[in-house]
There are 2 protein chains.
Amino acid sequence: MATVRVSLPAPSAVEDSELLRKACQGWGTDEKTVIDILAHRDAAQRSQIMQSYEELYHENLIKRLESELSGDFEKAMYRWILDPIEREAFIANEALKEELNYRVIIETAYINSTDELLVVKKAYQHRFKRSLEEDVASNTSGDLRKLLVGLVSTYRYDGEEVDNSLASSEANILHDAIKKREFSHDEVIRIFTTRSKCQLNATFNRYKDENGVSISKDLSAGAPDPFPSALRIIIRCIVSPHKYFEKLLRSVLNKAEIDEDTLTRIIVTRAEKDLKIVKDMYEERVNASLANSIGKQASGKYKDFLLALAGN
Amino acid sequence: MATVRVSLPAPSAVEDSELLRKACQGWGTDEKTVIDILAHRDAAQRSQIMQSYEELYHENLIKRLESELSGDFEKAMYRWILDPIEREAFIANEALKEELNYRVIIETAYINSTDELLVVKKAYQHRFKRSLEEDVASNTSGDLRKLLVGLVSTYRYDGEEVDNSLASSEANILHDAIKKREFSHDEVIRIFTTRSKCQLNATFNRYKDENGVSISKDLSAGAPDPFPSALRIIIRCIVSPHKYFEKLLRSVLNKAEIDEDTLTRIIVTRAEKDLKIVKDMYEERVNASLANSIGKQASGKYKDFLLALAGN
């Protein structure tokens, strides 16, 4: 369930283009109009607007907006108007720059279905002339590399068949490795990177049944370390993507310092998909409106834009 | 260029089915008729025959032939009448049983283009309800596992762009690792499993230019070891698939003991693709006809069938 409220009936792409052009001309930019239009059009409509804008004014709308807007608002708008698949490829590429954001790579690999991930990988190759796999491989190192490259590489089986005896034996393998704190054991990496989501879910359930404690809990014992943290993110993405995003949203909105990149990513990527569900879970959990929480962290047109995407 | 000689005009699928049915009835099987028909039909025609046979006799032709034929002839015929994509999935699965045949897994990963490999992986999942990746991972171990899982997983970039400075720096990385005999160094695995074929080709050329000796030669020094052997197979598959198959054919046909599985695989999988090129290279190299060489190694209907597929 999406939060984006698409205008009904929406004006034509030509009408939208004319208003956007007007909003970008002269001194300053009429940012309110930009938000009023673009935050209320779905992906297909945005794509038509970009095409029609290009035809009318021989100018790329994305580039024009990049030069008109600034800061977090510009970044959020840039991500929003990209085609959703291309946006995922772009976000994955950004996550590999300078300070590696492995959380984003895990989301790319696990929130998507097998075929959705494939489409993102094709878009990545089209845009960057390299594979996502080689970029993940050359921007990471050590055990984390083995895990992340495996995650984005595998064309995972998406069927619902589960092999229960396999789930049991692999739950034992995981438990033995975790007990010895050998989180990055080859067998752990093999299981996490190659098994289907349904099979992994069964393995995690078996783990809890047999040991009386969840695998996530076992992984969180001890000093913070990126490798078991990455495994825990994977588990959350597999077990419940909605809960995963709700928890992430909560952690972002309750930090002293705002993490705009993560906040933008959640709102922009989920707004047309399932943000309504995530928002409801969030509001029930914190007993406050998401709009209120965003309002405390973000400001200006950035805030207005996020609120519009979140359905306010 | 294929070697298979398709009958022109070919009889209808119904006529073929009737003759095949007759060949399978009564005492003994008329194997000559089976070869005369099936070795001279292309993949689409074979598929139509199977469909029409099923409709006419409510019987699966593959299963019927399995019960009528035996030994290497049966195995070769079974592989031949499978749909080519399904055949590759089947052969890869066979290669993972009991004694691992990593050469076959490398062929699957490197002889195919990126999108061909994807189609084989989809067929694998459809047939076995698991991914090729997880089966490779759970039937291998150690460094070879890292290499093989990486090879079959990556959705490799298939474009022709080459980054020359990257080729140079990665040629150095490979050279340093090989010099220290650290064949399975993480960086070696990263480069072989993630880079595009064109990029790898450039890297191998740079390696030779800078060191005066080819990477293959450097890898072959020292005692035989599966890991550097696997790397050399990869290099040959990338640099020239035709030369690779010619050399493999030569080694099979000049052994004291025949390796039927490999011989069958080469003839059956290449007959409709490029066996004519491989055969010409072979005959020029050994100065004898391929038919003659096959005749010395194989016998009976197995020999007749291979010869028919090889264009004799």
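Residues numbered from 1 in each chain as written. Chains lettered and ligands numbered in written order. Predicted model: local features only at pLDDT ≥ 70, side-chain atom pairs only at ≥ 80, totals over all residues. Heavy atoms only, no water.

A. Inspection of the interface of chain A and chain B at higher detail. Listed as interface residues are 28 residues of chain A and, on the opposing side, 28 residues of chain B. Around 2,400 Å² of area is buried between chain A and chain B when both sides are counted, 55% of it from carbon and sulfur atoms. Three residues, Glu 134, Tyr 155 and Tyr 157 of chain A, lead the burial of chain A against chain B; their summed loss comes to 26% of the area buried on that side. For the pair chain A and chain B, the interface holds four salt bridges. The shortest N-O distance in the salt bridge between Arg 195 of chain B and Glu 134 of chain A comes to 2.7 Å. Our count for the chain A to chain B interface comes out at eight residue pairs in polar contact (both at pLDDT 80 or more). At the level of secondary structure, the elements contributing two or more residues to the side of chain A that touches chain B comprise α8 (114-128), α9 (132-138), α10 (142-153) and α12 (186-194) of chain A. With five residues, the top contributor of residues to the side of chain A that touches chain B is α8 of chain A. (Contact = heavy atoms within 4.5 Å. Buried area = accessible area lost by both parts, 1.4 Å probe. Salt bridge = Lys/Arg side-chain N within 4 Å of Asp/Glu carboxyl O. Polar contact = N/O pair within 3.5 Å; in protein donor to acceptor, adjacent residues only side chain to side chain. Helix = DSSP H or I, 4+ residues; strand = E, 2+ residues; numbered from the N terminus.)

B. Looking closely at the relation of the copies chain A and chain B. Superposing chain A onto chain B takes a rotation of 180 degrees plus a shift of 0.0 Å along the axis, which leaves an RMSD of 0.0 Å. Interpreted geometrically, this transformation is the action of a two-fold axis. Among all C-alpha atoms of chain A, that of Ser 153 of chain A lies closest to the rotation axis, at 2.5 Å. Both copies contact each other with a shared surface, as 100% of the interface residues of chain A are interface residues in chain B too. (Least-squares fit on C-alpha atoms with pLDDT ≥ 70 in both.)

C. Highlighting the domain arrangement of chain A. Domain annotation for chain A reports domain 1 (13-69), domain 2 (84-153), domain 3 (164-239) and domain 4 (242-309). Look at where the C-alpha atoms of domain 1 of chain A and domain 2 of chain A centre, and you get two points 30 Å apart. (Domains from an automatic or database assignment.)

D. How the structure looks around the packing of helix α17 (residues 260-270) of chain B against helix α20 (residues 300-309) of chain B. Residues and elements named next belong to chain B. Viewed as axis vectors pointing N to C, α17 and α20 meet at an angle of 30 degrees, and their least axial separation amounts to 9 Å. Judged on the interaxial angle alone, α20 and α17 are roughly parallel. Every pair of crossing elements has a handedness; the one defined by α17 and α20 is left-handed. Judged by residue contacts, Glu 260, Leu 263, Thr 264, Ile 267 and Val 268 of α17 engage Tyr 302, Leu 306 and Leu 309 from α20. Looking at side-chain class alone, the contact of α17 with α20 contains six nonpolar, one polar and one charged residues. (Axes fitted to C-alpha atoms, helices over the stretch in contact; angles between N-to-C directions. Parallel < 35°, antiparallel > 145°, perpendicular 65-115°, else oblique. Left-handed = near helix turned anticlockwise from the far one by under 90°. Nonpolar A, V, L, I, M, F, W, Y, C, P; charged D, E, K, R; others polar.)

E. Molecular detail of the packing of aromatic side chains. Per the counting criterion, the structure on display carries twelve aromatic pairs over all chains. Directly above the ring of Trp 80 of chain A sits Arg 46 of chain A, whose terminal nitrogen or CZ lies 3.8 Å from the centroid. (Phe/Tyr/Trp six-rings, centres within 6.5 Å; stacked < 30°, edge-to-face > 60°. Lys NZ or Arg CZ within 6 Å of the ring centre and 35° of its normal.)

F. Main features of helix α18 (residues 275-286) of chain B. All names here are of chain B. Taking 1.5 Å per residue, twelve residues should reach 16 Å; α18 reaches 16 Å between its end C-alpha atoms and fits that length. Where α18 is concerned, the buried positions are Leu 275, Val 278, Lys 279 and Tyr 282. All buried residues of α18 project into a common sector of 100 degrees when viewed along the axis, lining one side. Tucked into the core, α18 has its buried residues touching α16 (241-253), α17, α19 (290-297) and α20. Phi turns positive, to about 55 degrees, at Asn 287, one or two residues after α18. (Expected span 1.5 Å × (residues − 1). Buried < 20%, exposed > 50% of the residue type's maximum accessible area, 1.4 Å probe, protein only. Arc of directions from axis to C-beta.)

G. Molecular detail of unusual backbone geometry. Residue and element names in this part refer to chain A. The linkage connecting Leu 8 with the following residue, Pro 9, adopts the cis geometry, with an omega of -10 degrees. Looking at the secondary structure, you find Pro 9 in the segment before α1 (13-24). In this structure, Glu 98 is a non-glycine residue whose phi angle is positive, near 40 degrees. By the element assignment, Glu 98 lies in the loop between α6 (84-95) and α7 (102-110). Look at Glu 98 and you get exposed, because its relative accessible area is 85%.

H. Region of interest: helix α8 (residues 114-128) of chain B. With 15 residues, α8 of chain B extends 21 Å between its outermost C-alpha atoms, agreeing within 8% with the 21 Å of an ideal straight helix rising 1.5 Å per residue. All of the buried residues along α8 of chain B are Thr 114, Leu 117, Leu 118, Val 120, Lys 121, Ala 123, Tyr 124, Gln 125 and Phe 128 of chain B. Buried-residue contacts for α8 of chain B involve α8 of chain A together with α6 (84-95), α7 (102-110), α9 (132-138) and α10 (142-153) of chain B. Just past α8 of chain B, the residue Lys 129 of chain B takes up positive phi, approximately 60 degrees.

I. The arrangement of the packing of helix α5 (residues 71-81) of chain B against α20 of chain B in detail. All names here are of chain B. One can describe the packing of α5 onto α20 by two numbers: an axis separation of 8 Å at closest approach and a directional angle of 30 degrees. Considering the angle they form, α5 stands roughly parallel to α20. Crossing angle aside, the handedness with which α5 passes α20 is left-handed. Contacts from Asp 72, Phe 73, Ala 76, Met 77 and Trp 80 of α5 reach α20 at Lys 301, Tyr 302, Phe 305 and Leu 309. A breakdown of the residues in the contact of α5 with α20 according to their chemical character gives seven nonpolar, no polar and two charged.

J. The side chain of Asp 16 of chain B, seen in detail. Residues and elements named next belong to chain B. Here Asp 16 is to be found in helix α1 (residues 13-24). Exposure remark for Asp 16: the relative accessible area of 1% places this residue in the buried category. Excluding residues within four positions of it along the chain, Asp 16 makes contact with Pro 11, Ile 37, Arg 41 and Ile 49.

K. Looking closely at the pattern of salt bridges. Following the criterion strictly, the structure yields 48 salt bridges over all chains and no others. With a shortest N-O distance of 2.7 Å, Arg 41 of chain B and Asp 16 of chain B are connected by a salt bridge. In this pair, Arg 41 of chain B sits in the loop between α2 (31-38) and α3 (43-57) while Asp 16 of chain B sits in helix α1, placing the two residues 25 residues apart along the sequence. Note on Arg 41 of chain B: relative accessible area 3%, which makes it buried. Here the salt bridges do not stand alone but share partners, grouping Glu 134 and Arg 145 of chain A together with Glu 170, Glu 187, Arg 190 and Arg 195 of chain B into one network.

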